[in-house]
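# Coordinate analysis (summary)
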Amino acid sequence: MRILVAVKRVPMTGGRIVLTPDAQAIATEHLGFTISPHEECGVEEAVRLVEREGGESVVLTLGPPEAEEQLRDAMAVGIDRAIHLVTDGEEWDGQATAEAIVEAVREEEATSGPFDLLLFGNESADVGGYQVGVRVAYALGRPCVTGLKAIAVENGRVRCEQEAPGGRDVYEVPLPAVLTVKEGLNLPRYPSVPGRMRARQRPVARQELERPAPRLERLRLLVPEGERKEAEILGHGPEAAPRVVELLDRLGLL
Amino acid sequence: MAVLVLVERGPEGIEETSLQALAFARSLLPSEPLHALAVGSSEGEDAATVGAHGATTLHLAEHEALDAYAPRAVARAAVELVERLRPATVLAAGTERGNEVVAHAAALLDLPFAAGCIAAEPGPPLRVTRVRWGGSLLEEALVHAEIALLTVAPHAVPARPTGGPAAVVERFAPALEESDLAVRVAQRIEVAAGGVSLADAKVVVSAGRGAGSAEGFAPIEELATLLGGAVGCSRAVTMAGWRPHTDQVGQTGTKIAPELYIACGISGATQHLAGCKGAKRILAVNTDPDAPILSSADYAVIGDLHEVVPAIVEAIRA
Ligand SMILES: Cc1cc2nc3c(=O)[nH]c(=O)nc-3n(C[C@H](O)[C@H](O)[C@H](O)COP(=O)(O)OP(=O)(O)OC[C@H]3O[C@@H](n4cnc5c(N)ncnc54)[C@H](O)[C@@H]3O)c2cc1C
Ligand SMILES: Nc1ncnc2c1ncn2[C@@H]1O[C@H](COP(=O)(O)O)[C@@H](O)[C@H]1O
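This text gives an overview of the structure that appears in the document.

Conventions adopted
Residues numbered from 1 in each chain as written. Chains lettered and ligands numbered in written order. Predicted model: local features only at pLDDT ≥ 70, side-chain atom pairs only at ≥ 80, totals over all residues. Heavy atoms only, no water. Helix = DSSP H or I, 4+ residues; strand = E, 2+ residues; numbered from the N terminus. Buried < 20%, exposed > 50% of the residue type's maximum accessible area, 1.4 Å probe, protein only. Areas by Shrake-Rupley, 256 points an atom, 1.4 Å probe, with all protein chains shown as cover. Lys, Arg positive; Asp, Glu negative; His and termini not counted. Charge placed at Lys NZ, Arg CZ, Asp CG, Glu CD. Near = heavy atom within 4 Å. Polar contact = N/O pair within 3.5 Å; in protein donor to acceptor, adjacent residues only side chain to side chain. Pairing = 2+ DSSP bridges. Axes fitted to C-alpha atoms, helices over the stretch in contact; angles between N-to-C directions. Contact = heavy atoms within 4.5 Å. Buried area = accessible area lost by both parts, 1.4 Å probe. Salt bridge = Lys/Arg side-chain N within 4 Å of Asp/Glu carboxyl O. Arc of directions from axis to C-beta. Nonpolar A, V, L, I, M, F, W, Y, C, P; charged D, E, K, R; others polar.

Within chain A one finds 6 helices and 13 strands. For chain A, the C-alpha atoms occupy an extent of roughly 70 × 45 × 40 Å along the three principal directions. Residues classed as buried in chain A amount to 55% of the 254 residues present. Of the roughly 11,400 Å² of accessible surface on chain A, 50% is carried by carbon and sulfur atoms. In chain A, 30 side chains carry a positive charge and 42 a negative one; their mean positions are 2 Å apart.

Glancing now at the site of ligand 1. For ligand 1, the set of nearby residues contains 30 residues, the closest of which are Arg209, Ser234, Ser267, Gln271 and Asn286 of chain B. With respect to ligand 1, the chains having nearby residues are chains A and B. Between arginine 209 of chain B and ligand 1, the recorded distance is 2.6 Å, taken from a side-chain N or O atom to an oxygen atom. Glutamine 248 of chain B is positioned such that a nitrogen or oxygen atom in its side chain is 2.9 Å from an oxygen atom of ligand 1. Within the complex, the protein chains bury 83% of what would otherwise be the 990 Å² of accessible surface of ligand 1.

What follows covers the sheet that holds strand 5 (residues 81-86) of chain A. Read from one edge of the open sheet, 10 strands run 11(A)-5(A)-4(A)-1(A)-6(A)-10(A)-7(A)-8(A)-9(A)-12(B), paired in mixed fashion. Two strands bound the open sheet, and with one partner strand each, they are strand 11 (204-208) of chain A together with strand 12 (187-190) of chain B. Taken pair by pair, the neighbouring strands of this sheet meet at an average axis angle of 30°, ignoring direction. Strand direction decides the pairing type here: strand 4 (residues 56-63) of chain A and strand 5 of chain A, joined by 6 bridges, are parallel. Across the sheet, valine 59 of chain A pairs through a bridge with alanine 82 of chain A, a residue of strand 5 of chain A. Together, strand 4, strand 5 and strand 11 of chain A form the strand contacts of helix 2 (residues 68-76) of chain A, whose direction differs from that of strand 5 of chain A by roughly 165°. Its contacts with the sheet put helix 4 (residues 132-140) of chain A on strand 6 (117-121), strand 7 (144-154) and strand 10 (177-181) of chain A, and the angle it makes with strand 6 of chain A is roughly 155°.

The parts lose accessible area when they come together, and the size of an interface is often stated as this lost area. Each partner contributes residues to the interface: chain A has 83 residues there, and chain B has 79 residues. Regarding the contact of chain A and chain B, the summed buried area is about 6,900 Å², with carbon and sulfur atoms giving 57% of it. Taken together, the connections running from chain A to chain B amount to 8 salt bridges. Linking aspartate 169 of chain A and arginine 97 of chain B is a salt bridge whose minimum nitrogen-to-oxygen distance equals 2.5 Å.

This part is about helix 6 (residues 241-250) of chain A. Along helix 6 of chain A, the residues that are buried comprise Ala241, Val244, Val245, Leu247 and Leu248 of chain A. One side of helix 6 of chain A holds all its buried residues, which, seen down the axis, span an arc of 155°. Seen from the open side of helix 6 of chain A, the exposed residues pointing more than 90 degrees away from its buried face are Asp249 and Arg250 of chain A. The elements touched by buried residues of helix 6 of chain A are strand 13 (232-236) of chain A together with strand 15 (260-264), strand 16 (281-286), strand 17 (299-302) and helix 8 (305-317) of chain B. Looking one or two places after helix 6 of chain A, you find glycine 252 of chain A, whose phi comes out positive at around 70°.

Residues and elements named next belong to chain A. Of all residues adjacent to ligand 2, which total 18 residues, the nearest are Ala6, Glu39, Leu62, Ser124 and Gly129. Separating a nitrogen atom of ligand 2 from a backbone N or O atom of leucine 62 is a distance of 2.8 Å. In the environment of ligand 2, an oxygen atom lies 2.9 Å from a nitrogen or oxygen atom belonging to the backbone of glutamine 131. Bound to the protein, ligand 2 loses 96% of the 480 Å² it would expose on its own. Looking at which element gives the most residues to the shell around ligand 2, the answer is strand 4, with 3 residues. Grouping the amino acids of the shell around ligand 2 by side-chain chemistry returns 8 nonpolar, 7 polar and 3 charged.

In structure tokens form, the structure reads like this:
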């Protein structure tokens, strides 16, 4: 099987989000970076499928030069190689992102053969656009199933389980297909030290791209005015238990 | 110019989130005719419901293949109607399905799509405020398109009945091709409703990395049972394999809205808070008096959860 998984570099924001003075981005001087948990599960699934079925897994990102870190992280848990669509760090909208990914997939397939699966996160961690995977599927004329919590490949088809209120909906589609996945699909492994070493040797194909004019144009970011609260301290240690019971009683929860 | 709202139906009629989308559409373009689109044949109740929420027309896309959900087929029906009505704006609720169908429509029409909007001002270009990071951050953006496609973040605005008359029903059979039905629900797995569901629980008792192990959840489970509530956890816990992902509260887990959320040994990362913003009250149990969760909590106990939680259990039993 040949599988491509798309990931996006995002800051690990911790307890409070602080913006840059121009409100165009999150201030990241003191932050680490990661990818969405959904995408982490996509990476893990690609590695497992290739471990079982043989073939090759490729990770792709569109992002600044620093996003190579996320590509190496994916290769450290077993992805074979990477494609880096290098930007100047400005964010691309969903349409432009999908178009660039489609172009890269076409080029890659022309030289190395078709992918059986293209895996995306159901939504990106930061933008939450809910669209890049769907747009790529349409441009390539492949079926697209979203929000998946289970994937099983058998005889050229893939059985997909999607979380739905009160249960799961099951889909069965032929390969090649585009799937968008959610955290809970699997439990991703942690990278080993030898895995990290190997990842450094694995190839990254780079291509620099110019950002087209956005059609969904960000003007500025805002931190919502969630009320900052001053928690009432009910006490310290187990001695606080009676006050907690009082509270539960007052709220009618006992 | 018309406004079109794609509405979803559940077991109890039109979904609340779809009624919210109708309210959102009305406040965006109050003087434009408001059209609703639903899939499948329908009784008079739906026309009455959407009419009472301001819609003048309820379009029903009827096709035998639409008995089972097929996202591309629903989007095809929507696009057919869009081409007929040429609305300025097309909206749906920002549910999983709403986002999915509008993404398909956006791909079919090659138009931009703004998901998770909480406010909008008419254009062109339409100006929206939308959520990022599961609601921890907002963005103001312009939608550069003749027809703006958007979804409304659930519970961003309340549903607002107008008391209007039942909407006029217009049925149509969308032209569907085989490829529109390639992705279609083939089977449904019902999950046995054992115990209290996390999303609907009145009380949720959660623990994070501070629980220390899977066994560390024993007193958490005991307290949840005593209060008739559900057990939750943070991502640190699911990543460690101590609890299943179905217990995770947060941006990439379950969104909860209990009367009381008891968060033990959880630091309060923005992605965790994105899942429990709907809680009426939060009680934090944490060894660290400076943990970020204390700025979102109403009450706190400073201490070790392994001592505090069993003491609460004992005090309730006493
Ligand atoms: C895109 C993205 C999505 C994410 N989605 C989610 C999500 O859906 N849900 C989620 O939870 N996280 C999510 N995360 C992860 C999130 O950023 C945090 O890493 C995670 O919530 C931390 O879990 P924690 O609070 O249990 O652990 P920590 O941050 O390590 O906090 C542990 C806390 O326990 C306290 N403590 C330690 N020992 C004790 C004790 N004995 N008694 C009492 N208190 C104690 C400490 O003081 C500390 O405050 C996401 C991250 C990203 C980047
Ligand atoms: N810049 C990017 N580079 C690579 N993949 C991306 C990028 N942006 C989005 N994606 C993929 O598309 C998914 C959905 O993104 P979105 O439509 O923004 O919610 C993400 O989870 C990623 O898998």
